[in-house]
Amino acid sequence: MLNLEKSAEAFAEAKNLMPGGVNSPVRSYRGMSCPPPFIARAEGSHIYDIDGNEYIDYVGSWGPMIVGHAHPQVVKALQEAAARGTSYGAPTLLESQLAKKVMEVYPSMEVIRMVNSGTEATMSALRLARGYTGRNKIVKFIGCYHGHSDSLLVKAGSGLATFGVPDSPGVTPGTAEDTITVPYNDFEAFKAVMEEKGEKIAAVIVEPVAGNMGLVLPKPGYLDLLRKLTKEHGTLLIFDEVMCGFRASLGGAQAAYAIHPDLTCLGKIIGGGLPVAAYGGRREIMEQVSPAGPVYQAGTLSGNPLAMTAGLETLNIITAQPEPGEGDYSRKLTLKTKDLILGIAGKAREAGVALQVQQAGSMFGFFFNDHEVVDYETSAASDQEAFKVWFMSMLEQGIYMAPSQFETLFMSGAHTDEDIQKTIAAAEVALKKVAEFQKNR
Ligand SMILES: *Cc1c(COP(=O)(O)O)cnc(C)c1O
């Protein structure tokens, strides 16, 4: 049995200090049968808690840690940067260096603005889209998460396309009303909305590879349809690649699916574990952002030198020219991820457990479900109780995964073949328990 005594004590204290004991909800392990391990340190593919447990980490700080934890090159650059001062609130060369690096891999981003979180990036991109088009309404897809700004905290009722109902107290019905929600991967629903309201819609925002209802891939042709109809109606297409950027492929979903969005949001990896995100796109649109244009957006710590340094070093590592005869960084991650998920899928078959296995580059996920998962509804129909059995068994065996099957998991460059084989062996044990559980309930 896993000893989490110190974590349990720390969590009890934290609950008096912070809402639910955490600074972001999913960390609280709600619904799981143990407290969240409190983390003491992390290195490479491993993470260590204050009780002395060691885990192979597939959460990767929810995506950013693509080169692994405490990568020596990143740490060294950060130490040197910190010694030069941690913030100036004035321009630096680092900001242009990171901007150029990002544009090398995201040529659709002709002009870029750095911010501090993915939430800020999507919120600002929407304001810009509304300012640029002079329209109020936006379209988002059910089950896509774009951070916690008001207009995006809207979920849908059932039915094809519904006007937004606030998902959280504190979001006014007026705000929610301007958000139209459509089921992901539903061709007809999207066509109908654009036909009916296209000329009122400022922007369509989408996770082109969806990672916040578990991992759900776009159906062939779906992103092309979004591109085609937004163009026809003068609506901006915003790709929220905060999660799938640098992961679905190095150039994100837009490179993998060959789609040119008008605006792109990046986050997570772009800060290499420090708080950075960005939005950018066509020059003509981005020049509307202040002080070049009238759409206001600012940030005291935006472009922070430490954060730029961590992002830049991380991107330098993943874009480095491979050794002759070796695949590039992204390709290697993709292959490792494939090894892992095929291994786990094999163990699920042996155990007789219905498991939907998903992959996009270095992102992966599992649904305890005997149906293909294509949208929020099919994702939500997964077996929650089976997931809990799986999760606890994996954690006890030293495999650190997200405490929800509606979160995506991530491979890093630091994961070794040994890590992967250990994980598959642990999965064999966990899946046998799931099979038992499903049979006996
Ligand atoms: C994580 C995430 C966000 C929000 O980013 P924060 O930095 O948590 O504000 C937005 N969009 C997507 C697709 C994300 O995965």
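What you are looking at is a predicted structure, and each value in this text was computed from that prediction instead of being measured.

Enquirer: Where do I start with the pattern of salt bridges in this structure?
Expert: Close approach of charged atoms lets side chains of opposite charge pair. Tallied over the entire structure, the rule returns 16 salt bridges. Glu188 serves as the salt-bridge partner of Lys191, at 3.3 Å between the closest nitrogen and oxygen. Here Lys191 pairs with Glu188, and both are found in helix H6 (residues 187–197), just three residues apart, close to one helical turn. Residues Arg441 and Asp383 are paired through a salt bridge, measuring 2.5 Å at the closest nitrogen-oxygen approach. Here Arg441 is found in the segment after helix H14 (417–440), whereas its partner Asp383 is found in the loop between helix H12 (376–380) and helix H13 (384–396), with 58 residues between them in sequence. The network of salt bridges with shared partners includes Arg227, Asp262, Arg282 and Glu284.

Enquirer: Explanation requested: the pairing of strand S11 (residues 236–240) in the structure shown.
Expert: Regular strands have side chains that alternate between both faces of the sheet. The element S11 is extensively covered by neighbouring structure, given that five of its five residues are classed as buried. By the alternation rule, side chains of S11 split into Leu236, Ile238 and Asp240 and Leu237 and Phe239, which are all buried. Where strand S10 (residues 201–206) lies against S11, four bridges are found, and the strand directions are parallel. Pairing of Val206 across the sheet is with Phe239, part of S11.

Enquirer: Is there a simple way to think about the packing of helix H11 (residues 329–351) against H14 in this case?
Expert: Between two packed helices, the angle of one axis relative to the other and the distance separating the axes together describe the packing. Contact geometry for H11 and H14: axes closest at 9 Å, N-to-C directions at 25°. Classified by the interaxial angle, the pair formed by H11 and H14 is roughly parallel. Of the two possible hands of crossing, H11 and H14 adopt the one that is right-handed. Within the contact between the two elements, H11 uses Lys336, Asp339, Leu340, Gly343, Ile344, Lys347, Ala348, Glu350 and Ala351 and H14 uses Ile420, Thr423, Ile424, Ala427, Glu428, Leu431, Lys432 and Ala435. A class-by-class count of the residues in the contact of H11 with H14 yields nine nonpolar, two polar and six charged.

Enquirer: Before we go on, may I ask you to explain the nonpolar core in this structure?
Expert: Counting 70 residues, the largest nonpolar core has Tyr58, Val102, Phe246, Ile344, Phe366, Phe368 and Trp390 as its most contacted members. Split by domain, this core shows at least three residues from each of two domains, domain 1 (5–70 + 329–440) and domain 2 (72–319). Every residue in contact with Phe368, bar those within four places of it in the chain, is listed here: Val353, Ala354, Leu355, Ser382, Asp383, Ala386, Phe387, Trp390, Gln405, Leu431 and Val434. The next biggest cluster of nonpolar side chains, apart from the first, holds 26 residues, and it includes Ala210, Val216, Leu237 and Ile259.

Enquirer: So what exactly am I meant to see when it comes to empty space enclosed by the protein here?
Expert: To find leftover empty space, a probe the size of one water molecule is rolled over the atoms. For the structure shown, the criterion picks out two cavities of 30 Å³ or more. What the largest cavity holds in volume is close to 70 Å³. In terms of lining, the largest cavity is formed by Gly365, Phe366, Phe368, Phe387, Trp390, Met401, Ala402, Ser404, Gln405, Glu407 and Leu409. Those elements that provide at least two residues to the lining of the largest cavity are strand S15 (363–367) and H13. For the lining of the largest cavity, a count of residues per class yields seven nonpolar, three polar and one charged. As for the second largest cavity, its lining consists of 15 residues, of which Asp57, Gly60, Met65, Ser412 and His415 are closest to the centre. For the lining of the second largest cavity, the class distribution of residues is five nonpolar, eight polar and two charged.

Enquirer: Would you take a moment to explain the layout of surface pockets for this structure?
Expert: Size it by volume and the second largest pocket reaches roughly 650 Å³. Lining the second largest pocket are 29 residues, with Glu95, Ile112, Arg113, Met114 and Pro291 sitting closest to its centre. Listed by contribution, the elements that provide at least two residues to the lining of the second largest pocket are helix H3 (93–105) and strand S4 (111–115).

Enquirer: I'm lost on the environment of Thr230 in this one. Help?
Expert: Within the secondary structure layout, Thr230 lies in helix H7 (residues 222–233). Each C-alpha atom of the pair Thr230 and Asp51 lies 52 Å from the other, and the pair is 179 residues apart in sequence.

Enquirer: What's the story with the site of the ligand in this structure? I'm lost.
Expert: Close to the ligand lie Ser117, Gly118, Thr119, Tyr145, His146, Gly147, Glu207, Asn212, Asp240, Val242, Met243 and Lys268. Within the backbone of Tyr145, a nitrogen or oxygen atom sits 3.3 Å from a nitrogen atom of the ligand. Take Asn212: an N or O atom from its side chain is 3.1 Å from an oxygen atom of the ligand. Coverage of the ligand by the protein chains reaches 83% of its 380 Å² of free accessible surface. Here the shell around the ligand is built from residues that sort into three nonpolar, six polar and three charged.

Enquirer: When you look at the sheet that holds S15 in this model, what are you seeing that I'm missing?
Expert: With antiparallel pairing, three strands are arranged side by side in an open sheet as S14-S15-S17. Two strands in the sheet have a free side with no partner beyond their single neighbour: strand S14 (356–360) and strand S17 (409–410). In terms of strand pairing, S15 meets S17 through two bridges, oriented antiparallel. Bridged to Phe364 within S17 is Leu409. Sheet strands in contact with H11 are S14 and S15, and its direction is about 180° off that of S14.

Calculation criteria
- Residues numbered from 1 in each chain as written.
- Predicted model: local features only at pLDDT ≥ 70, side-chain atom pairs only at ≥ 80, totals over all residues.
- Heavy atoms only, no water.
- Salt bridge = Lys/Arg side-chain N within 4 Å of Asp/Glu carboxyl O.
- Helix = DSSP H or I, 4+ residues; strand = E, 2+ residues; numbered from the N terminus.
- Buried < 20%, exposed > 50% of the residue type's maximum accessible area, 1.4 Å probe, protein only.
- Pairing = 2+ DSSP bridges.
- Axes fitted to C-alpha atoms, helices over the stretch in contact; angles between N-to-C directions.
- Parallel < 35°, antiparallel > 145°, perpendicular 65-115°, else oblique.
- Left-handed = near helix turned anticlockwise from the far one by under 90°.
- Contact = heavy atoms within 4.5 Å.
- Nonpolar A, V, L, I, M, F, W, Y, C, P; charged D, E, K, R; others polar.
- Core = buried A, V, L, I, M, F, W, Y, C linked by side-chain atoms within 4.5 Å.
- Domains from an automatic or database assignment.
- 1 Å grid on protein atoms, 1.4 Å probe; cavity = no way out; pocket = protein on both sides within 12 Å on 5 of 7 lines; lining within 4 Å.
- Points joined across faces, edges and corners; volume = space filled by probe spheres on them.
- Near = heavy atom within 4 Å.
- Polar contact = N/O pair within 3.5 Å; in protein donor to acceptor, adjacent residues only side chain to side chain.
- Areas by Shrake-Rupley, 256 points an atom, 1.4 Å probe, with all protein chains shown as cover.

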